Amino acid sequence: MGAKTEPNLKWCREGDTMTCITVWDGADCVGGNKILLQDRDLTLWLDFGQNLSRLMEYYEEFIKPQKSRGLYELFVMGLLPPVRGIYHERFLEDYRFDEWQAQLEQVDGVLLSHAHLDHAGDLQYLRGDIPLICSAESALLLRALQDMGKEDSGTILVRRFEQKNGEFQTLAWNRKETPIATFRSVYTVDNEPEGAQDFWTQLPEGRQEKCEVLPLWTLGGTVNGHRVRFFPVDHSIPGAGAWAVETDAGWVVYTGDLRFRGERRHLTEQFLQEAAKLQPVALLIEGTRISRTGSGYTEDDVQARLAELLSQHSDRLVVANFSMTHLERLLRVWQCARDSGRQLVVNPKGLYLLHVWRISGREMPLEDGSLRLYQGVGKPPSEAWEKTLHQHYGNLCLTAQELARSPQDYLLCFGYFDLNELPYLKVNDGVWIQSFSEPMTEEQRIDDARLNRWLQRFGLIRYPTHGNADDESVPLHVSGHASGEELAHVVETIRPRKLIPVHTQEPAVFSERFSGICEVVIPQAGKEMVL
């Protein structure tokens, strides 16, 4: 499917018996992981995430890549690896990208660690025939996130385009052409959950299309004859895991993102023990917090602190702000609401993710009377996914007017982009719990200052009142990433021959700390590392 090789392109890789790793993105930054693993007859991507830090260097809310003009801008700005043959390429005649650095003809799949944007966000640009291999939870969450995102046209549903008046447009669902979209092939490391098939076939305008979701064991647990293994780990989103791939050089292990502080921390420990048995030739390890000391707090401590605040402010509206996809924390917040006699109020996106998580097999009491769906001023749903949500849970709707009558009866899950709902709640006092890490970039600090102005205007007390939410003294947040000491535990337990740090701004720290245990190889973007 790829174009013919040109003389100046590096061929990746036909008839070559060497095992190679190329970190095309994520080498010296947090997120954006796009790691190419190649062996004798195997080509796999380990994640294909969006580099959010690089994106924010050039873009913001009111200046975004002009995707209607194709992929040209994304390549010119360094947001996609210049590897020809892997994308469903869309270029206008006068703006064709010609600075390719490598070419691939065949890709056997993408091994996805988890569904966070910085690991999965650029899947949408890959050719529709490149399969996705992940946990069932990740696959379902990706489908839900694509449903809710207006700009994603290819993660699970691969939309068709037409070129019109110098722009690319997705074919509308009410068009008669077939197919308007196809499904990317998905292989899951576990069996498809009961009841998921109806969800996979739901398309707007009553269209039906079967998604080919198959368990990985139908391939014998191999990809093109190479054994692959998935290890569930603890992280701040359901379905996260690490991968191991058997190559001619030995096992290559990739941690994805992991932590030791949530309800699945025992799975992270199990992964370390199993990975050590493989005696891997290489370990690709995340290093987000390599220089950070862990607080020692867990999600249990966050839940306990939240319960204390609800008890202290029983006569006020309480708002909790945390990542939409951190569903473990959402369940804990929900439990705190029930224990305090409040109803949990979530926005439509939050409820849609809970709905999909239940489809994946997670038990939760969505209809026991403890959960409400925030409907604002009562505007009817317009998007297809919202209409589906209201068909299932329309009886849970709560308007701003209803909430304002007795705000102390509710625990409201709002975020930064819900702030302009506050005027309609008629709030004059309340509590805002900021369950996030501290702002790291200048843009985040500006947003945080704006958040404070909103809270001050409507009389909401912010917690923590000082310091960071994951600080020693105020355990209102636990990071989704292992601390430096915990990463040392990972390395010392697995003891690979080569250690390759990714997803970190401080790769040199790995050389300082671990060169006595194994060979530390600092990756450079686009440069092959031969095992």
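Just so it is clear, the structure is predicted and the values come from calculations on it, not from any experiment.

Caption draft 1: Structural context of the sheet that holds strand S29 (residues 528-530). Ordered in space as S14-S13-S8-S7-S4-S3-S2-S29, the eight strands form an open sheet in which the pairing is mixed. Each of the sheet's edge strands pairs with one partner strand only, and the pair in question is strand S14 (213-215) and S29. Taken pair by pair, the neighbouring strands of this sheet meet at an average axis angle of 25°, ignoring direction. Bridge analysis of strand S7 (residues 109-111) against strand S8 (residues 132-134) gives two bridges, and the strand direction is parallel. By the bridge assignment, valine 110 is partnered in S8 with leucine 132. Where helix H4 (residues 136-148) meets the sheet, it contacts S8 and strand S13 (186-188), and its direction lies at approximately 125° from that of S8.

Caption draft 2: Quick peek at the pairing of strand S27 (residues 498-502). In terms of burial, S27 is a largely internal element, five of the five residues being buried. Taking every second residue as pointing to the same face, both faces of S27 are buried, with Lys498, Ile500 and Val502 on one and Leu499 and Pro501 on the other. Where strand S19 (residues 282-286) meets S27, five bridges bridge the pair, whose relative direction is parallel. Bridging from a neighbouring strand, alanine 282 pairs with lysine 498 of S27. As defined by bridge partners, S27 adjoins strand S28 (residues 519-520) across two bridges and the pair is classed as parallel. The residue bridging lysine 498 from the neighbouring strand is glutamate 519, located in S28.

Caption draft 3: Structural view of the nonpolar core. Ranked by internal contacts, the top residues of the largest apolar core, which has 87 residues, are Trp45, Ile86, Tyr87, Leu123, Trp200, Leu344 and Leu354. Those residues in contact with leucine 123 that sit more than four places away from it in its chain are Phe48, Val110, Leu112, Leu132, Leu142, Gly154, Thr155 and Arg184. Counting residues in each nonpolar core, the second largest holds 28 residues, with Val233, Ala240, Ala244 and Ala275 among its members.

Caption draft 4: Spatial organisation of helix H13 (residues 442-457). For H13, built from 16 residues, the straight-helix expectation of 22 Å at 1.5 Å per residue is met to within 8% by its first-to-last C-alpha distance of 23 Å. Along H13, the positions that sit buried rather than exposed are Asp448, Leu451 and Leu455. Buried positions in H13, seen along its axis, are confined to an arc of 55° and lie on one side of it. H13 presents Arg453, Gln456 and Arg457 as exposed residues on the side facing more than 90 degrees away from its buried surface. In this fold, the buried residues of H13 make contact with strand S25 (430-434) and strand S26 (460-463). Positive backbone phi, approximately 70°, marks glycine 459, located one or two places after H13.

Procedures and definitions
Residues numbered from 1 in each chain as written. Predicted model: local features only at pLDDT ≥ 70, side-chain atom pairs only at ≥ 80, totals over all residues. Heavy atoms only, no water. Pairing = 2+ DSSP bridges. Helix = DSSP H or I, 4+ residues; strand = E, 2+ residues; numbered from the N terminus. Axes fitted to C-alpha atoms, helices over the stretch in contact; angles between N-to-C directions. Contact = heavy atoms within 4.5 Å. Buried < 20%, exposed > 50% of the residue type's maximum accessible area, 1.4 Å probe, protein only. Core = buried A, V, L, I, M, F, W, Y, C linked by side-chain atoms within 4.5 Å. Expected span 1.5 Å × (residues − 1). Arc of directions from axis to C-beta.

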